Amino acid sequence: MNIPLSSYSSNGSESAAAAGLVMLLMVIYFAVVFAIIGVLYMGMFTKAGRPAWAAFVPIYNSIKLMEIAGRPWYWLLLTLIPFAGIYFSIVALHDLSKSFGKDAGYTVGLVLLPVVFVPMLSYGSAPYLGPAAGRQFVAYPQGYAPPFQQGYPQPPVQQGYPQPPVQQPNGQQYR
């Protein structure tokens, strides 16, 4: 059966209306998704002392989440690198969970099931302890000195570091 081409409409108004309807539905869908994400993050923002409205702004909320976790803003750009971005995202989520006093198991939950764990972090009983990224790289606790090795010259005595004992040839120690 041959249908002549002249029987088809060529003005395209039906196609434009369908495309417009699809675009309208996509805009509504993304607005609802951004609103849900904003509500989920709003509790974290208020616990961390950030404005609640910042949770509803798409890129700005990611920058503020990096700030809450203790990472600089350009880590958001590092998450866009293919394959390496997965690592940077997981490290940032780990710092975010540490900022609220949670451990590595909670980070696994944030990675695999964020719809459950983000509201628990936002509206649960976990207090905001401050940025975790700044706290985790302490080389020595307060009052402890690095171990001294034999054969190297002794470093100058610094305030707060104890003087290592000196061994005498007869086995006695003195300071």
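Please refer to the structure higher up on the page.
Residues numbered from 1 in each chain as written. Predicted model: local features only at pLDDT ≥ 70, side-chain atom pairs only at ≥ 80, totals over all residues. Heavy atoms only, no water.

1. Observations concerning helix H6 (residues 114-123)
Argument step 1. Among the residues of H6, Val118, Leu121 and Ser122 are the ones counted as buried. Seen end-on, H6 carries its buried residues on one side only, within an arc spanning 95°.
Argument step 2. Against helix H1 (13-47), helix H4 (84-99) and helix H5 (104-112) lie the buried residues of H6. (Buried < 20%, exposed > 50% of the residue type's maximum accessible area, 1.4 Å probe, protein only. Helix = DSSP H or I, 4+ residues; strand = E, 2+ residues; numbered from the N terminus. Arc of directions from axis to C-beta. Contact = heavy atoms within 4.5 Å.)

2. A closer look at the pattern of salt bridges
Argument step 1. In this structure the tally under the stated criterion is three salt bridges.
Argument step 2. Linking Arg50 and Glu67 is a salt bridge whose minimum nitrogen-to-oxygen distance equals 2.8 Å. Here Arg50, found in the loop between H1 and helix H2 (58-69), pairs with Glu67, found in helix H2; they are 17 residues apart in sequence, far enough to count as distant.
Argument step 3. Residue classification places Arg50 among the buried residues on the basis of a relative accessible area of 19%.
Argument step 4. Asp95 is the partner of Arg71 in a salt bridge, and the nearest nitrogen-oxygen pair spans 2.5 Å. Of the two residues, Arg71 sits in the loop between H2 and helix H3 (75-78) while Asp95 sits in helix H4, which places them 24 residues apart along the sequence. Asp95 carries the same exposure label as Arg71, and that label is buried.
Argument step 5. Members of the salt-bridge network, linked through shared partners, are Arg50, Lys64 and Glu67. (Salt bridge = Lys/Arg side-chain N within 4 Å of Asp/Glu carboxyl O.)

3. Quick look at the side chain of Ser122
Argument step 1. Relative to the helices and strands, Ser122 resides in helix H6.
Argument step 2. Judged by its relative accessible area of 2%, Ser122 falls in the buried class.

4. Focus: the environment of Pro131
Argument step 1. Mapped onto the secondary structure, Pro131 falls in the loop between H6 and strand E1 (166-167).
Argument step 2. For the pair formed by Pro131 and Leu96, sequence separation is 35 residues and the distance between their alpha carbons is 7.7 Å.

5. Some remarks on the packing of H2 against H4
Two quantities define a packed helix pair, namely the angle between the axes and the distance from one axis to the other.
Argument step 1. Interhelical geometry of H2 versus H4 gives an angle of 60° and a closest axis separation of 8 Å. Compared by their axis directions, H2 and H4 come out oblique. Taken as a pair, H2 and H4 cross one another with a handedness that is left-handed. Every residue of H4 that contacts H2 at Leu65, Met66, Ile68 and Ala69 is listed here: Ala92, Asp95, Leu96 and Ser99. (Axes fitted to C-alpha atoms, helices over the stretch in contact; angles between N-to-C directions. Parallel < 35°, antiparallel > 145°, perpendicular 65-115°, else oblique. Left-handed = near helix turned anticlockwise from the far one by under 90°.)

6. Some points on the nonpolar core
Argument step 1. Counting 16 residues, the largest nonpolar core has Met44, Phe45, Leu65, Ile68, Leu96, Phe100 and Leu121 as its most contacted members.
Argument step 2. Among the elements of the structure, H1, H2, H5 and H6 are those that each provide at least two residues to this core.
Argument step 3. The biggest single contributor to this core is H2, with three residues.
Argument step 4. Every residue in contact with Met44, bar those within four places of it in the chain, is listed here: Leu65, Ile68, Leu96, Phe100, Val118, Leu121 and Ser122.
Argument step 5. Trp75, Phe88, Val91 and Ala92 belong to the second largest nonpolar core, which has five residues in total. (Core = buried A, V, L, I, M, F, W, Y, C linked by side-chain atoms within 4.5 Å.)

7. A closer look at the layout of surface pockets
Argument step 1. Empty space within the largest pocket amounts to approximately 400 Å³.
Argument step 2. In this structure, the largest pocket is lined by 15 residues; those nearest its centre are Tyr41, Ser62, Leu65, Met66 and Leu93.
Argument step 3. Of all the secondary structure elements, the ones that give two or more residues to the lining of the largest pocket are H1, H2, H4 and H6.
Argument step 4. Tallied by class, the residues present in the lining of the largest pocket amount to twelve nonpolar, three polar and no charged. (1 Å grid on protein atoms, 1.4 Å probe; cavity = no way out; pocket = protein on both sides within 12 Å on 5 of 7 lines; lining within 4 Å. Points joined across faces, edges and corners; volume = space filled by probe spheres on them. Nonpolar A, V, L, I, M, F, W, Y, C, P; charged D, E, K, R; others polar.)

8. Points about the side chain of Thr107
Argument step 1. Along the chain, Thr107 turns up in helix H5.
Argument step 2. Reaching out from Thr107, the side chain makes a polar contact with the side chain of His94 at a distance of 2.9 Å.
Argument step 3. When residues no more than four places from it in sequence are discounted, the contact partners of Thr107 are Ile90, Leu93, His94 and Ser97. (Polar contact = N/O pair within 3.5 Å; in protein donor to acceptor, adjacent residues only side chain to side chain.)

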